[in-house]
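# Secondary and tertiary structure notes
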Amino acid sequence: MSRTAHNPKIPSLGELDRSAGGLGRQLAQKLREAVKNGALKPGESLPSTRALAASLGVARGTVVEAFEQLIAEGFLESSLGVGTYIAHSLANPETRPKKRRAASLPAQPAPLAAQPFNTVAAQFQPLPSAPFAVSIPLGAAAPGPIWRRLGNRLRAHGQGAPGGYGDPQGALPLREAIAEYVRRSRSVRCEAEQVIVTTGTQQGLFLACLVLMGRQDFAWVENPAYPGITAILNTIGSPERMVRVPVDEEGLDVAAGIRLQADARLAFVTPSHQYPLGMPMSMARRNALLAWARDRSAWIVEDDYDSEFRYSGHPFPSLQGLDPERVVYLGTFSKVLFPSLRLGYAIVPPQLVQAFCGARVLLDRHPPSADQHVLASFISEGHLERHIRRMRGIYTQCRNHLFEIVREVLPSDLASLQPSDQGMHSVLWLASPVDDVVVAQRAMKEGVAVRPVSPMYHAGQGPSGLILGLSAFSPEQMKEAAQKLARIISELARPSRTKRKS
């Protein structure tokens with residue numbers, strides 16, 4: 001069996017006072033202090049006398065003198081073939097130096113600027129892998145074997161190997177593959193030079209805020225909306241300049257937005273599949289939104305959320321295809337492949353490319369290289385489109401199971417599912433006045449992962465509902481989780497029912 005090389009680190013002991021003399025005594029004292037304050041721990045090896053002497057710039061005899069003194073005192077031990085190390089006996093609680101109590105030092109309070117980020121951290125805690133968490137891929141639809149084969153092939157040829165800094169726009173083969181893919185599947189009009197590879201839609205939203213929104217600008221945001229965009233505007237912008245525009249069965253109400261703030265600088269929308277409610281934006285509303293943007297020289301940020309998963313008919317075409325000069329288009333591969341991939345894209349008008357790249361440099365310089373090349377091959381060789389077709393079939397079955405189970409387990413006077421033929425989640429509306437936040441908290445304690453809908457409305461003042469993800473769970477798992485939800489909702493609704501009867 002091969003032996004692992006062991007190279008003890010040279011401890012940081014500080015400077016010796018050469019003018020005071022007694023360098024051996026000084027070194028011994030510094031080593032004692034290092035042991036007492038925990039910088040050197042019991043059993044930890046020390047470097048050789050020759051190496052430590054060279055590091056400190058003293059004669060080897062000085063280090064030998066210090067070691068011999070500390071061995072005599074029991075601070076150090078020495079063994080043939082092992083070397084010199086801190087005595088194991090110092091691990092005994094009676095002889096171990098006591099740590100200074102943390103309470104003796106007052107905690108530095110976090111600045112006020114940190115508080116909104118505390119809220120974001122709590123809000124975006126990932127849900128456990130339990131029904132009805134969103135974005136947990138089904139094993140049957142995972143691209144694992146193909147992905148591994150492509151990765152092994154590309155690594156063998158050196159593509160994506162570690163090197164210098166990459167292009168902030170992302171690897172050219174991936175940008176070319178993305179441009180071709182969105183042209184065919186989403187009617188997006190662009191060239192590879194307009195594609196910026198991101199770490200997902202969230203980064204795309206962040207970049208859009210940095211580049212397109214000045215401190216005095218207003219932005220339209222759907223009501224309700226994806227918490228990722230409202231969190232950005234609440235933390236890096238001015239919350240009072242976020243204009244929450246209501247949505248209805250046709251999507252964003254453009255006329256309401258004009259009444260609220262006609263001179264907004266940009267609008268954030270999810271036109272293909274409104275998040276969280278699920279309806280697409282009608283063509284009349286799309287045309288009205290584009291007309292407003294042209295009239296006011298405003299920008300539209302299109303988050304093409306869940307556009308790949310429409311279960312009847314073809315996916316709706318992109319808004320960007322109607323006006324490429326006015327729309328920043330955002331997409332991601334996290335949902336269709338696997339969330340840990342952390343690769344998405346922003347497609348921006350040519351005059352914005354350099355600004356987006358500059359903002360990108362300040363965030364994380366560029367995306368990781370290796371997976372970009374794997375993904376480029378995955379797309380260009382046709383695997384992505386086949387994968388999406390397979391996933392549509394699988395998630396259609398999941399969706400049908402979910403609707404059947406909810407109808408069977410949850411009485412209509414307690415909850416009802418929002419009609420939708422698209423996406424990887426459904427909204428379960430709760431009978432008033434059941435608090436969806438309380439339901440979600442109690443459900444989490446019983447192993448059911450759901451997110452409440454009401455906090456996604458302005459000031460958290462929205463109807464009670466729960467987001468139920470379709471993925472990764474068998475009908476048996478979904479039924480058991482639905483039964484738990486039904487019991488929790490029924491228990492919370494009971495007091496109001498009793499009150500109404502009395």
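Residues numbered from 1 in each chain as written. Predicted model: local features only at pLDDT ≥ 70, side-chain atom pairs only at ≥ 80, totals over all residues. Heavy atoms only, no water.

Rules: UniProt positions are given in the numbering used here, feature names are shortened, and annotations may be inferred rather than shown by experiment.
Per an unreviewed UniProt entry, the recorded name for the protein is PLP-dependent aminotransferase family protein, and the organism is Alcaligenes nematophilus. Annotation of the protein in UniProt includes, under Sequence similarities (unreviewed entry), the sentence "In the C-terminal section; belongs to the class-I pyridoxal-phosphate-dependent aminotransferase family."

### Re the environment of P143
Rules: Numbering goes from the N terminus for both helices and strands, where a helix is a DSSP run of H or I of at least four residues and a strand is a run of E of at least two. Note on contacts: a residue pair is in contact if any heavy atoms of the two residues lie within 4.5 Å.
Relative to the elements of secondary structure, P143 occurs in the loop between α4 (115–123) and α5 (144–156). Along the primary structure P143 and H383 are separated by 240 residues, whereas in three dimensions their C-alpha atoms are 8.7 Å apart. In this structure, P143 is in contact with L337, F338, F378 and H387, ignoring residues within four places of it in sequence.

### Here's the deal with the packing of helix α7 (residues 201–212) against helix α11 (residues 353–364)
The line we're drawing: Where helices are involved, their axes are fitted lines through C-alpha atoms of the stretch in contact, as for all axes, and angles between N-to-C directions lie from 0 to 180°. Roughly parallel means an angle under 35 degrees; roughly antiparallel means over 145; roughly perpendicular covers 65 to 115; every other angle is labelled oblique. When the near helix sits turned anticlockwise from the far one by under a right angle, the crossing is termed left-handed; a clockwise turn instead gives a right-handed crossing. The nonpolar class holds Ala, Val, Leu, Ile, Met, Phe, Trp, Tyr, Cys and Pro. Asp, Glu, Lys and Arg form the charged class, and all remaining residues, Gly among them, are polar.
Close contact between α7 and α11 brings their axes to 9 Å; oriented N to C, the two are set at 120°. By the angle between their axes, α7 is oblique relative to α11. At the point where α7 passes α11, the crossing takes the right-handed sense. Across the interface between the two elements, Q203, F206, L207, A208, L210 and V211 of α7 pack against A355, F356, A359, R360, L363 and D364 of α11. Along the lines of polarity and charge, the residues of the contact of α7 with α11 split into nine nonpolar, one polar and two charged.

### Some thoughts on the packing of α7 against helix α8 (residues 227–235)
α8 packs onto α7 with a crossing angle of 35° between their chain directions and a minimal axis gap of 10 Å. Judged by the twist between their axes, the crossing of α7 over α8 is right-handed. Touching Q202, L205, F206 and C209 of α7 are G228, I229, I232 and L233, all from α8. Partitioned by chemical class, the residues of the contact of α7 with α8 number six nonpolar, two polar and no charged.

### Brief notes about the pairing of strand β8 (residues 299–303)
Selection rule: Relative accessibility decides the category of a residue: with a 1.4 Å probe and only protein chains considered, values under 20% of the type maximum give buried, values over 50% give exposed, and everything between is partly exposed. At least two bridges found by DSSP between two strands is the condition for calling them paired. Every crossover in which the path from the first strand over the helix to the second runs clockwise, viewed with the strands pointing away from the viewer, is termed right-handed.
Counted residue by residue, β8 has five buried out of five residues, so it is predominantly covered. Residue alternation in β8 divides its side chains into two sets, W299, V301 and D303 and I300 and E302, and both sets are buried. Note that strand β7 (residues 266–269) and β8 share four bridges and pair parallel. When the bridges of β8 are listed, V269 appears paired with E302. With helix α10 (residues 283–296) bridging β7 and its parallel neighbour β8, the resulting β-α-β unit is right-handed. In this sheet, strand β9 (residues 327–332) lies alongside β8 in parallel orientation, the contact comprising four bridges. Counted as the bridge partner of V301 is V328 from β9.

### Concerning the sheet that holds strand β10 (residues 344–347)
Ordered by their spatial adjacency, eight strands build an open sheet running β3-β10-β9-β8-β7-β4-β5-β6, and the pairing between neighbours is mixed. Looking at the sheet topology across the chains shown, the edges are occupied by β3 (195–198) and β6 (251–252). Both strand β4 (residues 219–223) and strand β5 (residues 242–248) contribute to a ladder of five bridges, which runs parallel. Within the sheet, the bridge partner assigned to A219 lies in β5 and is M242. Of the strands in this sheet, β3, β9 and β10 are in contact with helix α6 (residues 172–186), which crosses β3 at around 105°.

### A short note on the side chain of E308
Cut-off, in case you're wondering: We score Asp and Glu as negative and Lys and Arg as positive, and we do not count His or the chain ends. What counts as a salt bridge is simple: a side-chain nitrogen of Lys or Arg found within 4 Å of a carboxyl oxygen of Asp or Glu.
Looking at the secondary structure, you find E308 in the loop between β8 and β9. In this structure, E308 is buried with no salt-bridge partner, the nearest side chain bearing the opposite charge being R186 at 6.1 Å. When near neighbours in sequence (up to four residues on either side) are disregarded, E308 contacts Y181, P315, T332, V336, I388 and R392.

### Considerations on the UniProt feature "domain: HTH gntR-type" (unreviewed entry) in the protein
According to UniProt, the positions carrying the feature "domain: HTH gntR-type" (unreviewed entry) are residues 21–89. Between the C-alpha atoms that bound residues 21–89 the distance is 31 Å, and the span itself is 52% helix and 12% strand.

### Concerning the nonpolar core
For clarity, the threshold we go by: Throughout this description, the term nonpolar core refers to a set of buried Ala, Val, Leu, Ile, Met, Phe, Trp, Tyr and Cys residues connected via side-chain atoms within 4.5 Å.
Among the nonpolar cores identified, the biggest contains 67 residues, and F132, F333 and L468 are the most heavily contacted of them. Top element by residues in this core is helix α13 (residues 383–409). It accounts for 10 residues. Each residue touching L468, except ones within four places of it in the same chain, is listed here: F132, L402, V406, L417, M424, H425, S426, L428, V450 and L485. With 27 residues, the next largest nonpolar core counts A219, A225, F356 and A359 among its residues.

### As for unusual backbone geometry
With an omega of 15°, the peptide bond running from P131 to F132 counts as cis. The residue F132 is located in the loop between α4 and α5 in this model. In this structure, P276 follows Y275 across a cis peptide bond, with omega equal to 10°. Relative to the helices and strands, P276 resides in the loop between β7 and α10. Even without a glycine there, the phi angle at S187 is positive, about 60°. For S187, a relative accessible area of 41% puts it in the partly exposed group. Notably, D306 is not glycine yet its phi reads approximately 55°, a positive angle.

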